[in-house]
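As a plain string of letters, each chain reads:
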Amino acid sequence: MSIQSETAAAAAPARLREIDELPAPPGLPFVGNLLQVDRARIHQQVERWVHEYGPYFRFQLGSRRILAIADHATMGALLRDRPDGFRRTKRLAEISAEIGSAVGVFGAEGEAWKRQRRMVMAGFDPRHLRAYFPSLVAVSERLGGRWGRAADAGAAIDLQADLMRYTVDTVAGLAFGAEVNTLESDADVIQQHLDKIFPALFRRMFAALPTWRWWKSPADRELDRSVAAVGAAIQGFVAAARARLEDPARRAAPKNLLEAMIVAADDPQSGITPSEVHGNVLTMLLAGEDTTANSLAWAIWLLFSHPECLARARAEIDERAGDPAAWTIDDFAKLDYVEACANETLRLRPVVPFLMLQALRETSVAGIRIPVDTLIWGALRSDSLREEFFEEATLFRPERWLGADVAHGATSANRVAMPFGAGPRVCPGRHLAMLEIKMALAVLLGRFEIVDVAARSGGEPLEELSFTMSPEPLTLRLRRRR
Ligand code: HEM
């Protein structure tokens, strides 16, 4: 079986090219290109190589040879050929297992993934979101309350930290039925431990040597402590859900993903195991926290640095009479310009700027032979920044997502940008994420003037990769409007 993009198919030579015949940035013996890349900005290095070598090339990180693909159509086809043709990398699975993380839907493969995916999709479907909407409003109110107190005190807000409280409170409520309310707490919160896990996974993914297998550095020991603390919190969520399921009516109609998974795990025929329940609670916390919080942080920075766009987004929010706390879910659906701002943010500053895959069977891609186990780096942002696909591609222009044929335009543009991935493993949290982004922006722009958004380095925020791509830490200052 082979995968060809439309453009690549026309140009495909009769004989398949070997990966070793592709252009490659010059590297050193043994380490390859490892010393040329700064781990925190490796995605930008690969994007520079795309400019130099084109949409298909190879690079080498230590002993690992990687095929880079920047053509969105080809990459989309690969993403759709899952779970049978391609998987997430074996290294990610090994490293996750080593830190003691049970496997959830993000890391699962084959039949286990299919079983878990079905349950996760049901937990995040639009009907469920609608039922949970009043709780979402309560969480966004708490974010507004926290920011109101900071505005009154003239205090600087650690933007990402507050947004992560918002996203974790939301996911815990929606997926586990738990009211963690970290937005109104200044105690030791679960986020402080979650924050250690992604960077550690990412560090180990790209480490030249697995030093943690030989001795534990202070960072490795801190990671162990954080994994244990998150594990204890997860056991708490599971115990509370089990207590609610003592009620036979609740057991017959579980109200959230965690309850549905526990009921399934209690039935030996279901194939869902207690370890998968644990793995999916961790997955939802990790996948739902950083991604949405950092996308919001990028959106707030981009709006602050484009006052005309901010004014238009605010006008749309003000147009809907009253405070966002009284809106319905359908009111949020009508915020077309705010949604366009979110789409434009995800295009320019995708928090997942690349996806790695590994081939499960021999195939060919755009005339290149792909042996089993080939590692593929999908440079997802490259085409999003090309004039061929987006006019004035490097500029923040939310209007490009509007127009007479909005739905169609947005769909085809998102086929290029793919901020939520594509195919059967496309992000199941995307509807929730968009709603969370709109609700937080409605609270922010509706109630406050943004006095300042400042990056640590003083200018445009640097992109920092640690599994997801975040802006460097941002400080927000607000003044009340009403
Ligand atoms: C703006 C916010 C978000 C972005 C940009 C984002 C992006 C992504 C991307 C790129 C993937 C990989 C898709 C693929 O392999 O094709 C993914 C997977 C996933 N995301 Fe999200 N995500 C976001 C929010 C969320 C939220 C809020 C949740 C849930 C609470 C979530 C849960 C997941 C899960 C469970 C997967 C794994 C799906 C699978 O492997 O079947 N994400 N996300």
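All values reported here derive from a predicted model rather than from experimental measurement.

Brief notes about the sheet that holds strand S5 (residues 157-158)
- Here three strands make up an open sheet; going across it, the order is S5-S13-S10 and the pairing antiparallel. Bordering the open sheet on either side are S5 and strand S10 (448-455), each of which pairs with just one other strand.
- Sheet topology note: the S10/strand S13 (residues 474-480) ladder contains seven bridges and is antiparallel. Along S13, the bridge assignment pairs Glu449 with Arg479.
- Running over the sheet, helix H6 (residues 126-153) touches S5, S10 and S13 and is turned about 80° from S13.
- With respect to the sheet, helix H17 (residues 430-447) is in contact with S10 and S13, its orientation differing from that of S10 by roughly 110°.

Quick notes on H17
- The terminal C-alpha atoms of H17, which comprises 18 residues, lie 26 Å apart, in line with the 26 Å expected from a rise of 1.5 Å per residue.
- Among the 18 residues of H17, 16 are classified as buried, and the element is accordingly described as predominantly covered.

Focus on the sheet that holds strand S6 (residues 354-359)
- The strand order S2-S3-S9-S6-S4 describes an open sheet built from five strands, whose pairing is mixed. Either end of the sheet is taken by a strand with one partner, and the two such strands are strand S2 (56-61) and strand S4 (86-87).
- In this structure, S6 lies alongside strand S9 (residues 375-379), joined through five bridges in antiparallel fashion. Residue pairing in the sheet places Phe354 in a bridge with Ala379 of S9.
- Of the strands in this sheet, S2, S6 and S9 touch helix H2 (residues 42-53), which is tilted by about 140° from S2.

Some words on the site of the ligand
- Of all residues adjacent to the ligand, which total 27 residues, the nearest are Arg82, Arg88, Trp113, Arg117 and Cys427.
- Between Trp113 and the ligand, the recorded distance is 2.8 Å, taken from a side-chain N or O atom to an oxygen atom.
- Arg425 has a polar side-chain atom sitting 2.9 Å from an oxygen atom of the ligand.
- Those elements that provide at least two residues to the shell around the ligand are helix H5 (110-123) and helix H12 (274-304).
- Of all the elements, H12 adds the most residues to the shell around the ligand, at seven residues.
- In terms of residue class, the shell around the ligand is built from 16 nonpolar, seven polar and four charged.

Some details on the coordination of the iron atom of the ligand
- Coordination of the iron atom of the ligand by the protein comes from a single atom, Cys427 (SG), at 2.3 Å.
- Mapping Cys427 onto the fold places it in the loop between helix H16 (406-417) and H17.

Some thoughts on a nonpolar patch on the surface
- Taken together, the side chains of Leu209, Trp214 and Trp215 present a nonpolar region at the surface, about 410 Å² in accessible area.
- Along the polypeptide, Leu209 turns up in the loop between helix H8 (190-205) and helix H9 (218-244).
- Residue classification places Leu209 among the exposed residues on the basis of a relative accessible area of 52%.

Observations regarding the packing of H5 against helix H11 (residues 257-265)
- Contact geometry for H5 and H11: axes closest at 9 Å, N-to-C directions at 145°. In terms of crossing hand, the pair formed by H5 and H11 is right-handed. Contact residues: H5 offers Met119, Val120 and Gly123, while H11 offers Leu257, Ala260, Met261 and Ala264.
- For the contact of H5 with H11, the residue count by class is six nonpolar, one polar and no charged.

Considerations on the confidence of the model for the protein
- For the protein, mean pLDDT is 91; residues scoring 70 or higher make up 95% of the total.
- The model gives residues 5-9 a pLDDT under 50, and that stretch makes nine contacts with residues more than four places away or in other chains.

About the cut-offs
Residues numbered from 1 in each chain as written. Predicted model: local features only at pLDDT ≥ 70, side-chain atom pairs only at ≥ 80, totals over all residues. Heavy atoms only, no water. Pairing = 2+ DSSP bridges. Helix = DSSP H or I, 4+ residues; strand = E, 2+ residues; numbered from the N terminus. Contact = heavy atoms within 4.5 Å. Axes fitted to C-alpha atoms, helices over the stretch in contact; angles between N-to-C directions. Expected span 1.5 Å × (residues − 1). Buried < 20%, exposed > 50% of the residue type's maximum accessible area, 1.4 Å probe, protein only. Near = heavy atom within 4 Å. Polar contact = N/O pair within 3.5 Å; in protein donor to acceptor, adjacent residues only side chain to side chain. Nonpolar A, V, L, I, M, F, W, Y, C, P; charged D, E, K, R; others polar. Donors = N, O, S within 2.8 Å, 3.2 Å for Na, K, Ca; no water. Patch = residues over 30% accessible without salt bridge, like charges linked within 9 Å, V, L, I, M, F, W, Y side chains within 5 Å. Areas by Shrake-Rupley, 256 points an atom, 1.4 Å probe, with all protein chains shown as cover. Salt bridge = Lys/Arg side-chain N within 4 Å of Asp/Glu carboxyl O. Left-handed = near helix turned anticlockwise from the far one by under 90°. pLDDT = per-residue confidence, 0-100.

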